[in-house]
Amino acid sequence: MTTAPWRDPALPAAARVDDLLSRMTLEEKTAQLYGVWVGAATDGDGVAPHQHDMTVEYDWDELITHGLGQLTRSFGTAPVDPALGAQALARAQRRIAGAGRFGIPAIAHEECLAGFTAWRATAYPVPLAWGATWDPPLVEEMARRIGDDLRSVGVHQGLAPVLDVVRDPRWGRVEETIGEDPYLVGTVGTAYVRGLESAGVVATLKHFAGYASSAGARNLAPVRAGVREFADVTLPPFEMALREGGARSVMAAYTETDGVPASADPGLLTRLLREEWGFSGTVVADYFGIAFLQTLHRVAGTPAGAAHTALTAGIDVELPTVKCYGRPLLEAVRSGAVPEELVNRAARRVLLQKCELGLLDEDWTPEPGTAVDLDSTGNRILARRLAEESVVLLDNPDDLLPLAPDTRIAVVGPRAADALAMLGCYSFPSHVLTHHPEVPAGIEIPTVLDALRTELPDAKVTFAQGCDVTDPDTGGFEEAIARTAEADVCVAVLGDRAGLFGRGTSGEGCDATDLGLPGAQGELLDALVATGVPVVLVLLTGRPYALGRWHGRLGAVVQAFFPGEEGGPAVAGVLSGRVNPSGRLPVSVPQVPGGQPWTYLQPPLGLAGEVSNLDPTPLYAFGHGRSYTAFAWEDCSATEPAGLGTDGSHDVSVTVRNTGGRTGAEVVQLYLHDPVASVTRPDVRLIGYQRVELDPGEAARVTFRFHADLSSFTDGSGRRVVEPGALELRLAASSTDVRHTAHLTLTGPVRETGADRRLRCETEVSPALGQTGPVSPRPATRSASDAPPG
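Residues numbered from 1 in each chain as written. Predicted model: local features only at pLDDT ≥ 70, side-chain atom pairs only at ≥ 80, totals over all residues. Heavy atoms only, no water.

## Structural notes on the overall build of the protein chain
Reasoning step 1: Along the backbone of the protein chain there are 22 helices and 27 strands.
Reasoning step 2: Viewed in the frame of its principal axes, the protein chain has a C-alpha envelope of about 75 × 70 × 55 Å.
Reasoning step 3: For the protein chain, the residues scored as buried account for 63% of the 790 residues in total.
Reasoning step 4: Of the accessible surface of the protein chain, which amounts to about 26900 Å², a share of 49% is contributed by carbon and sulfur atoms.
Reasoning step 5: Each charge class in the protein chain was averaged separately, 66 positive and 99 negative side chains, and the resulting centres sit 3 Å apart. (Helix = DSSP H or I, 4+ residues; strand = E, 2+ residues; numbered from the N terminus. Buried < 20%, exposed > 50% of the residue type's maximum accessible area, 1.4 Å probe, protein only. Areas by Shrake-Rupley, 256 points an atom, 1.4 Å probe, with all protein chains shown as cover. Lys, Arg positive; Asp, Glu negative; His and termini not counted. Charge placed at Lys NZ, Arg CZ, Asp CG, Glu CD.)

Next comes the structure, spelled out in structure tokens:
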């Protein structure tokens, strides 16, 4: 029988929580505002920055008597058998609920950036690879599976996706981003949010906001983005993921913008996020971010001062463990230094979320109801499909690819025979198992070398490492050159090693001085090319690297961004021709290692010109990618409409026909060019796209429903406006490969847009004139996707 209104599921959540709050002591309310990281290292060798400085000792039994807001990374801190881990988490939740007066369990959160960061869980491709697929529905399916796995072991909240837009590719966390364009990041990131939330898991948007714009690409360095860059590049993906994806949590960024840390900014976390955007979920701190207000930012003099500043700004939950929101906050509230209303406000938001998750219901149970299998066959099939769609064929000038099935292949390079070459820094093997070398990976991760031997059983495949990822030693070159000289073709597998805080060449805290290939890998590639044997360059990286030095000297170039546990077979499938490559670049590939930062979102003076001797034009443009088939773009509806107002809409269509001999996918991209505006604008920017797969001879009509809202930008007064005047809508295969242009003229007054503006360009795919039967975005490798990988 229900004994109190807050236990009554028939009442509105707000009424239940108000009743509960009225019964709670200050200690019980503050206990809902922090997490505890059980088993976190204090010896300086942890998985988070300053973990050894910030992790404090506490008495677990005493701590939980007042309740607990969150449990931090029960699965993501050390190798734990998933089934046993689920049982242990359930026991911990029983103890937490049994220790307090109200029987309220904690929210358990985990990292899930490229899959559930847990031992024996599927390691999917990293977010930069999601961006390379240009396939939001597929990303949504992946996120739903990740959410199902999280729920199966008792986890409620996932710390993903990352919605930072790449501003400088030297930044170590580029691999965690979706790309350098806010529309691509927003649409793909929103799909991830929808998938995770559909599984009942709270998606956490990060890092809010500006983190990727750190000066010099240094992790946590100050952000010096202007007001309009912040509004038009940084913020839109977050707004889309909240408005269209329904994300229920946001993580405050570590960084400061113009002297104000994000964790101390009420303009960002309260006025914008809640009052303008209408967000009603929880804001959580990035790990130790509240304490950093005292220790790193120095905008607070004490832990209590940091707590006051963060609560005032709008941070509801301190993660990963209690530091400022515990005793320092309690004492500050009792002394009158911090208003209790701030505690009440944050506790109410936390308890509302717990109510939504069913954690306040009397029939709540922590025991998982299903068998635990975090790397199921279905997961691996999906991981394979994502990996295959994400591989980008950058160049194939003489049709060297696909490789002949019986050719002699010299596989060379430090990434060819290393399973970790497939994984980003937030995969469990790279993130945690490096501290447990005696523990096996827990999942099968075929290397490119092994996968190529399986893919081409009649080929003669030899191997030489050549060099290490970072070591400048060239002692292994001789063997690599010898193996190459004996072969018909050399496959050079080069790239990054993911790691944390300087222990890798890509990943959190692994920022690059320039965009030259790490270590001696560039010199190794020079030596291989010098043999005269055709070289296929395969890159397994977390960021783009400058390739102009080898342009015109390579037989083919294949780019894969940490493609996950099934990445080896995916790359091998592209090399053999089993997979027709369909990936498109989510970031530009530069010509030279210096001259950065640069992304394609440049106003006129950011482009090449006579005012500087430095040419930032990329070698391969944003959106670029090749195929083993050919596509014709026909019958563009480019007639300018009459009287299109600043609140009007117009359809632009094009027919895409597969004129080659095999099934393939084309990505039709729509860019906006604004010739004259009241402030400088990017020369072009993406406003729509559609991935379409076509059989040989098949054609499809792709229609974009452009609305004037998509041309809006932040003007000189800080308003988001649509201005009258000429526009160009460019149908293109990349940001520089324009196939057709539609000219528009917006008429009428300048129109200020609001929170209800259209954020995306809706698309429709239909059979072309004379085409029979439906056209649908089918998987590019149906045979590989419909059967378990093997």
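That covers the picture; the talk isn't over yet.
## Some details on the packing of aromatic side chains
Reasoning step 1: On inspection of all chains with the given rule, the structure shows 16 aromatic pairs.
Reasoning step 2: Considering the side-chain rings of Trp6 and Phe102, the 5.8 Å spacing of their centres and the 80° angle between planes classify their relative orientation as edge-to-face. Of this pair, Trp6 sits in the segment before helix H1 (13-23) while Phe102 is found in the loop between helix H5 (82-99) and strand E3 (107-110), placing the two residues 96 residues apart along the sequence.
Reasoning step 3: Ring centres 4.5 Å apart and planes at 0° place the aromatic pair Tyr600 and Phe622 in the stacked group. Residue Tyr600 is found in the loop between helix H21 (567-576) and strand E16 (631-634), and its partner Phe622 is found in the loop between H21 and E16; the two are separated by 22 residues along the sequence. (Phe/Tyr/Trp six-rings, centres within 6.5 Å; stacked < 30°, edge-to-face > 60°.)

## Structural notes on helix H15 (residues 340-356)
Reasoning step 1: If you check H15, its first and last C-alpha atoms are 24 Å apart, about what 17 residues at 1.5 Å a residue would give, namely 24 Å.
Reasoning step 2: Burial in H15 covers these residues: Leu342, Val343, Ala346, Ala347, Arg349, Val350, Leu351, Leu352, Gln353, Lys354 and Cys355.
Reasoning step 3: Two residues or fewer past H15, Gly358 is found with a positive phi of approximately 85°. (Expected span 1.5 Å × (residues − 1).)

## Quick look at unusual backbone geometry
Reasoning step 1: The omega angle of the peptide bond from Leu319 to Pro320 is 5°, so this bond is cis rather than trans.
Reasoning step 2: Structurally, Pro320 is set in the loop between helix H13 (303-313) and helix H14 (327-335).
Reasoning step 3: Cis geometry is adopted by the peptide bond preceding Pro402, which originates at Leu401 and carries an omega value of 0°.
Reasoning step 4: Positionally, Pro402 belongs in the loop between strand E10 (392-395) and strand E11 (408-412).
Reasoning step 5: Positive phi values are uncommon outside glycine, yet Arg120 reaches one of about 70°.
Reasoning step 6: Following the sequence through the fold, Arg120 ends up in the loop between E3 and helix H6 (127-133).

## Here's the deal with the pattern of salt bridges
When their charged atoms lie close together, side chains carrying opposite charge are able to pair.
Reasoning step 1: Using the criterion set out here, one finds 50 salt bridges in the structure.
Reasoning step 2: For Glu666, the salt bridge identified is with Arg584, shortest N-O distance 2.9 Å. Note that Glu666 is positioned in strand E19 (residues 664-673) and Arg584 in the loop between H21 and E16, a separation of 82 residues in sequence. When sorted by exposure, Glu666 lands in the same class as Arg584, which is buried.
Reasoning step 3: Taking the shortest distance from any N to any O, the salt bridge between Arg719 and Glu752 comes out at 3.8 Å. Taken as a pair, Arg719 in the loop between strand E22 (713-714) and strand E23 (720-722) and Glu752 in strand E26 (residues 751-752) lie far apart in primary sequence, 33 residues in all.
Reasoning step 4: Note on Arg719: relative accessible area 35%, which makes it partly exposed.
Reasoning step 5: On the basis of relative accessible area, Glu752 is assigned to the partly exposed category, the value being 48%.
Reasoning step 6: Members of the salt-bridge network, linked through shared partners, are Asp375, Arg380, Arg384, Glu388, Glu455, Glu565, Glu566 and Arg578. (Salt bridge = Lys/Arg side-chain N within 4 Å of Asp/Glu carboxyl O.)

## Focus: the packing of H1 against H15
Reasoning step 1: Axis separation between H1 and H15 bottoms out at 9 Å; the angle between their running directions is 130°. In terms of orientation, H1 lies oblique with respect to H15. Crossing hand, H1 versus H15: right-handed. Of the residues in H15, those in contact with Ala13, Ala14, Arg16, Val17, Asp18, Leu20 and Leu21 of H1 are Asn344, Ala347, Arg348, Leu351, Leu352 and Cys355.
Reasoning step 2: Class assignment for the residues of the contact of H1 with H15 results in 9 nonpolar, 1 polar and 3 charged. (Axes fitted to C-alpha atoms, helices over the stretch in contact; angles between N-to-C directions. Parallel < 35°, antiparallel > 145°, perpendicular 65-115°, else oblique. Left-handed = near helix turned anticlockwise from the far one by under 90°. Contact = heavy atoms within 4.5 Å. Nonpolar A, V, L, I, M, F, W, Y, C, P; charged D, E, K, R; others polar.)

## Digging into the pairing of strand E13 (residues 489-495)
The two faces of the sheet receive side chains in turn, since in a regular strand these alternate between them.
Reasoning step 1: The buried fraction of E13 is high, at 7 of 7 residues.
Reasoning step 2: Of the two faces of E13, the one lined by Val489, Val491, Val493 and Gly495 and the one lined by Cys490, Ala492 and Leu494 are each fully buried.
Reasoning step 3: Sheet topology places E11 next to E13; 4 bridges connect them, and they run parallel. In the strand pairing of E13, Ala410 is matched with Cys490.
Reasoning step 4: In the sheet, E13 pairs with strand E14 (residues 535-541) via 6 bridges, with the strands oriented parallel. Bridge assignment links Leu494 to a residue of E14, and that residue is Leu539.
Reasoning step 5: One crossover worth recording links E13 to the parallel E14 by way of helix H20 (residues 521-530), and it is right-handed. (Pairing = 2+ DSSP bridges. Right-handed = clockwise from strand over helix to strand, strands pointing away.)

## Observations regarding the sheet that holds E23
Reasoning step 1: Reading across the sheet, the 3 strands line up as E22-E23-E26 and stay open at both edges, with antiparallel pairing between neighbours. Two strands in the sheet have a free side with no partner beyond their single neighbour: E22 and E26.
Reasoning step 2: Of the pairings in the sheet, the one linking E23 to E26 comprises 2 bridges and is antiparallel in character. Within the sheet, the bridge partner assigned to Val722 lies in E26 and is Arg751.

## Re the pairing of strand E15 (residues 556-561)
Reasoning step 1: Burial analysis of E15 places 6 of its 6 residues in the buried class, the great majority of the element.
Reasoning step 2: Neither face of E15 is left uncovered, since the one carrying Ala556, Val558 and Ala560 and the one carrying Val557, Gln559 and Phe561 both have all their residues buried.
Reasoning step 3: In terms of strand pairing, E14 meets E15 through 6 bridges, oriented parallel. Looking at E15, one finds that Leu537 is bridged to Val557.

## Observations regarding the packing of helix H7 (residues 136-152) against helix H16 (residues 377-390)
A pair of packed helices is captured by two measures, namely the crossing angle of their axes and the spacing between those axes.
Reasoning step 1: Two elements in contact, H7 and H16, have axes whose closest approach is 11 Å; the angle formed by their N-to-C orientations is 150°. Between H7 and H16, the crossing angle belongs to the class labelled roughly antiparallel. Crossing of H7 against H16: the hand is left-handed. The segment H7 lies against H16, with Leu138, Val139, Glu141, Met142, Arg145 and Asp149 engaging Gly378, Asn379, Leu382, Arg385, Leu386 and Glu389.

## Description of the state of the cysteines
Reasoning step 1: Across all of its chains, the model carries 0 disulfides by this definition.
Reasoning step 2: Looking at Cys761, it has no disulfide partner, and the nearest cysteine sulfur is the one in Cys636, 13 Å off.
Reasoning step 3: Owing to a relative accessible area of 4%, Cys761 belongs among the buried residues under this scheme. (Disulfide = S-S within 2.5 Å.)

## Remarks on the nonpolar core
Reasoning step 1: Of all hydrophobic cores here, the largest spans 209 residues; its most connected members are Tyr192, Phe208, Tyr325 and Leu547.
Reasoning step 2: In terms of residue count, the dominant contributor to this core is H15 (8 residues).
Reasoning step 3: When residues no more than four places from it in sequence are discounted, the contact partners of Tyr192 are Cys112, Trp130, Val139, Met142, Ala143, Ile146, Ala160 and Pro161.
Reasoning step 4: By size, the runner-up hydrophobic cluster in this structure holds 37 residues, among which are Ile443, Ala459, Val489 and Val538. (Core = buried A, V, L, I, M, F, W, Y, C linked by side-chain atoms within 4.5 Å.)

## Observations regarding the sheet that holds E19
Across a sheet, strands are paired by hydrogen bonds formed along the backbone, either parallel or antiparallel in direction.
Reasoning step 1: Read from one edge of the open sheet, 5 strands run E17-E25-E24-E19-E20, paired in mixed fashion. At either end of the open sheet lies a strand with only one pairing partner, and these are strand E17 (644-645) and strand E20 (685-694).
Reasoning step 2: The sheet contact formed by E19 and strand E24 (residues 725-732) spans 5 bridges and is antiparallel. By the bridge assignment, Gln669 is partnered in E24 with Ala732.

## What to know about the environment of Pro581
Reasoning step 1: Position of Pro581 among the secondary structure elements: in the loop between H21 and E16.
Reasoning step 2: For Pro581 and Val571, which are 10 residues apart along the polypeptide, the C-alpha to C-alpha distance reads 9.3 Å.
Reasoning step 3: Sequence-distant contacts of Pro581, defined by excluding residues within four places in its chain, comprise Val391, Leu393, Val574, Arg626, Ser627 and Tyr628.

## Brief notes about the confidence of the model for the protein chain
Reasoning step 1: For the protein chain, the mean per-residue pLDDT works out to 93, and 94% of the residues sit at or above 70.
Reasoning step 2: Within the model, pLDDT remains below 50 along residues 40-46, and this stretch shows 17 contacts once partners closer than five positions in the same chain are excluded.
Reasoning step 3: Note that residues 778-788 has pLDDT below 50 and, in this model, 27 contacts with residues that lie over four places away or in other chains. (pLDDT = per-residue confidence, 0-100.)

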